[in-house]
Amino acid sequence: MKAYVLLAGSENVDSLNLVERPEPEPGPGQIVVRIRACSLNYRDQAIVTGRYFGGKLQRDTIPLSDGAGEVVATGPGVTRFKAGDRVAGTFFENWVDGPPAAEARPALGSPLDGTLVEFRIFDQRDAVMIPGNLSFEEAATLPCAGVTAWNALMAVSRVKPGDSVLCLGTGGVSMLALQFAKAAGARVIITSSSDEKLKRAKAVGADEGINYKTSPAWDKEVQRITAGRGVDHIVEVGGTGTLAKSFQSVGFKGNICLIGVLTTGGDTNPHPLMLRGASLHGIFVGNRAMFEDMNRAIEVNRIQPIVDKVFPFEKTREAYRYHEFQSHFGKVVISV
Ligand SMILES: NC(=O)c1ccc[n+]([C@@H]2O[C@H](COP(=O)([O-])OP(=O)(O)OC[C@H]3O[C@@H](n4cnc5c(N)ncnc54)[C@H](OP(=O)(O)O)[C@@H]3O)[C@@H](O)[C@H]2O)c1
């Protein structure tokens, strides 16, 4: 079978090589999935350039955490799946529900081998059925970006109809957050560097858009739009460079979900939260139970994740380069 491997010490996408590997055989409790589509996350850019937590890759690694496909073989004792089931793997191995186990939660794509491969073995514990209304390309957007957005808005923030949600940028996490927030009946304000993307976000359901390049004081815009009340929930994918403005955008008893690392520097003094009785909540993707809850909501609400562009497997390096420059809207997908 074909697989892409990122060489140990990778600093750029030139280290991504197409190789032949033996097809895997399932052991007890395992399934073999014919991967049909994978999606790229910001994290994958950090891994390929050696900037991810823990530094450069220590060994040759199959990249990407997110993939969807169909079960083609099951090992002894498998009860959760059968051949032909349409599934996706979870971002973390061995985090089913509740708090994670005391031992580390290893993640796909680093340190574990990922999904950019034709056939991948999963423990049956670490896979979920994908929503029936999604193509493999759409379902491949979910394991990292989808579960993160779901965890932030639904598991932690418990968005209610009539609440206000601020999403930063129009990347993978933010667009899925926009879709979940709208399905929950919230008012969504979204920011972007591009008026064109803001127009597209409104077509997906955003109520208000702010261009953070032409309106660098976007926190003041949020206050204006909300008549000085601030928003109830913030999907904070920016990181330390946007945090001060998120602190100025959140309303009384609001919640900021700390998710991203897109920016550096900036003032991270948390005292504005004190004045607002607001909170900052860390998010690290999520567990399998959240993934399953999200999939039910996607199916019932007929949510179609936004796929910006699909690249064929042999154009994977081009997909990485396209995604790197952040001209995408929603998700970039590779068909396998
Ligand atoms: N903690 C977790 O569990 C977790 C999980 C998933 C992702 N993340 C993190 O969340 C962030 C987003 O990930 P992603 O995969 O969704 O990224 P992505 O799809 O690559 O999206 C990047 C988008 O972010 C927007 N952006 C960039 N700089 C910005 C800024 N200064 N202010 C507002 N928006 C800005 C841009 O949108 P426009 O083009 O519209 O300007 C850009 O297209 C990353 O830092 C990633 O590491 C964390």
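Just above, that's the structure.
This structure is a prediction, so every number in the text was calculated from the model and none was measured.

Engineer: How would you sum up the environment of Glu-221? Please name residues and give values.
Structural biologist: Mapping Glu-221 onto the fold places it in helix H6 (residues 218-225). For Glu-221, a relative accessible area of 24% gives the class partly exposed. Glu-221 sits 28 residues away from Ser-249 along the chain, and the two C-alpha atoms are 8.7 Å apart. Among residues more than four places away in sequence, those in contact with Glu-221 are Ile-210 and Ser-215.

Engineer: Outline the site of the ligand, supporting the account with residue identities and numerical values.
Structural biologist: In the neighbourhood of the ligand, 27 residues make up the surrounding shell, with Thr-170, Ser-192, Lys-197, Tyr-212 and Val-285 lying closest. Within the complex, 91% of the 930 Å² of free accessible area of the ligand lies under protein. Going through the elements one at a time, helix H3 (142-156) and helix H4 (172-183) are the ones with two or more residues in the shell around the ligand. Classifying every residue of the shell around the ligand gives 12 nonpolar, 14 polar and one charged. Residues lining the shell around the ligand come from more than one domain, with at least three contributed by each of domain 1 (2-141 + 305-335) and domain 2 (146-282).

Engineer: With reference to specific residues and values, describe the pattern of salt bridges.
Structural biologist: Per the counting criterion, the structure on display carries 14 salt bridges. With a shortest N-O distance of 2.5 Å, Lys-56 and Glu-11 are connected by a salt bridge. Of this pair, Lys-56 sits in the loop between helix H1 (42-48) and strand E4 (66-74) while Glu-11 is found in the loop between strand E1 (2-6) and strand E2 (16-20), placing the two residues 45 residues apart along the sequence. Relative accessible area serves as the criterion here: at 47%, Glu-11 is assigned to the partly exposed category. Close ionic contact of Arg-125 with Asp-126 constitutes a salt bridge, the shortest N to O distance being 2.8 Å. Relative accessible area serves as the criterion here: at 28%, Arg-125 is assigned to the partly exposed category.

Engineer: Mind laying out the environment of Val-310, listing which residues take part and the relevant values?
Structural biologist: The topology assignment puts Val-310 in strand E14 (residues 307-312). Sequence separation between Val-310 and Cys-38 is 272 residues; the distance between their C-alpha atoms is 9.5 Å. For Val-310, the contacting residues outside a window of four places in its chain are Glu-137, Val-333 and Ser-335.

Engineer: Mind laying out the sheet that holds strand E11 (residues 231-236), listing which residues take part and the relevant values?
Structural biologist: Pairing is parallel across the open sheet formed by six strands, whose spatial order is E10-E9-E8-E11-E12-E13. Because the sheet does not close on itself, it has two edges, and the strands there are strand E10 (208-211) and strand E13 (279-282). Shown here is a sheet whose adjacent strand axes are inclined to one another by a mean of 20°, direction ignored. Where strand E9 (residues 187-192) and E10 come together, four bridges link them in parallel fashion. Bridge assignment links Ile-190 to a residue of E10, and that residue is Gly-209.

Engineer: Describe the pairing of strand E15 (residues 331-335), and please don't skip the residues or the numbers.
Structural biologist: Two faces, one strand: in a regular strand the side chains alternate between the faces of the sheet. Of all the five residues making up E15, four are buried; the element is thus mostly covered by neighbouring parts of the structure. Note that strand E3 (residues 30-39) and E15 share three bridges and pair antiparallel. Across the sheet, the residue bridging to Ala-37 is Ser-335, located in E15. Note: E14 against E15, five bridges, orientation parallel. Its bridge partner being in E15, Pro-312 is matched across the sheet by Ser-335.

Engineer: Could you give me a rundown of the nonpolar core, with the residues and numbers involved?
Structural biologist: Leu-153, Val-165, Leu-166, Phe-180, Ile-190, Val-235 and Met-294 are the most contacted members of the largest nonpolar core, which totals 65 residues. Split by domain, the residues of this core number at least three in each of domain 1 (2-141 + 305-335) and domain 2 (146-282). Filtering out sequence-adjacent residues up to four positions away, Val-235 remains in contact with Leu-153, Val-165, Leu-166, Cys-167, Leu-168, Val-173, Ala-177, Cys-257 and Ile-259.

Engineer: Kindly report on the packing of H3 against helix H9 (residues 288-300), identifying the contributing residues and their values.
Structural biologist: Contact pair H3 / H9: the axes reach a minimum separation of 9 Å and the direction vectors enclose 90°. The angle between the axes of H3 and H9 places the two elements in the roughly perpendicular class. Across the interface between the two elements, Leu-142, Pro-143, Gly-146, Val-147, Trp-150, Asn-151 and Ala-155 from H3 touch Met-290, Phe-291, Asp-293, Met-294, Asn-295, Ala-297 and Ile-298 from H9.

Engineer: Describe unusual backbone geometry, and please don't skip the residues or the numbers.
Structural biologist: Going from Ser-110 to Pro-111, the amide bond is cis rather than trans, its omega being 5°. Structurally, the position occupied by Pro-111 is in the loop between strand E5 (86-89) and strand E6 (119-123). With phi around 60°, Lys-253 is a residue other than glycine that occupies positive phi space. Of note, Lys-253 is situated in strand E12 (residues 250-258).

Reading the values: the criteria
Residues numbered from 1 in each chain as written. Predicted model: local features only at pLDDT ≥ 70, side-chain atom pairs only at ≥ 80, totals over all residues. Heavy atoms only, no water. Helix = DSSP H or I, 4+ residues; strand = E, 2+ residues; numbered from the N terminus. Buried < 20%, exposed > 50% of the residue type's maximum accessible area, 1.4 Å probe, protein only. Contact = heavy atoms within 4.5 Å. Near = heavy atom within 4 Å. Areas by Shrake-Rupley, 256 points an atom, 1.4 Å probe, with all protein chains shown as cover. Nonpolar A, V, L, I, M, F, W, Y, C, P; charged D, E, K, R; others polar. Domains from an automatic or database assignment. Salt bridge = Lys/Arg side-chain N within 4 Å of Asp/Glu carboxyl O. Pairing = 2+ DSSP bridges. Axes fitted to C-alpha atoms, helices over the stretch in contact; angles between N-to-C directions. Core = buried A, V, L, I, M, F, W, Y, C linked by side-chain atoms within 4.5 Å. Parallel < 35°, antiparallel > 145°, perpendicular 65-115°, else oblique.

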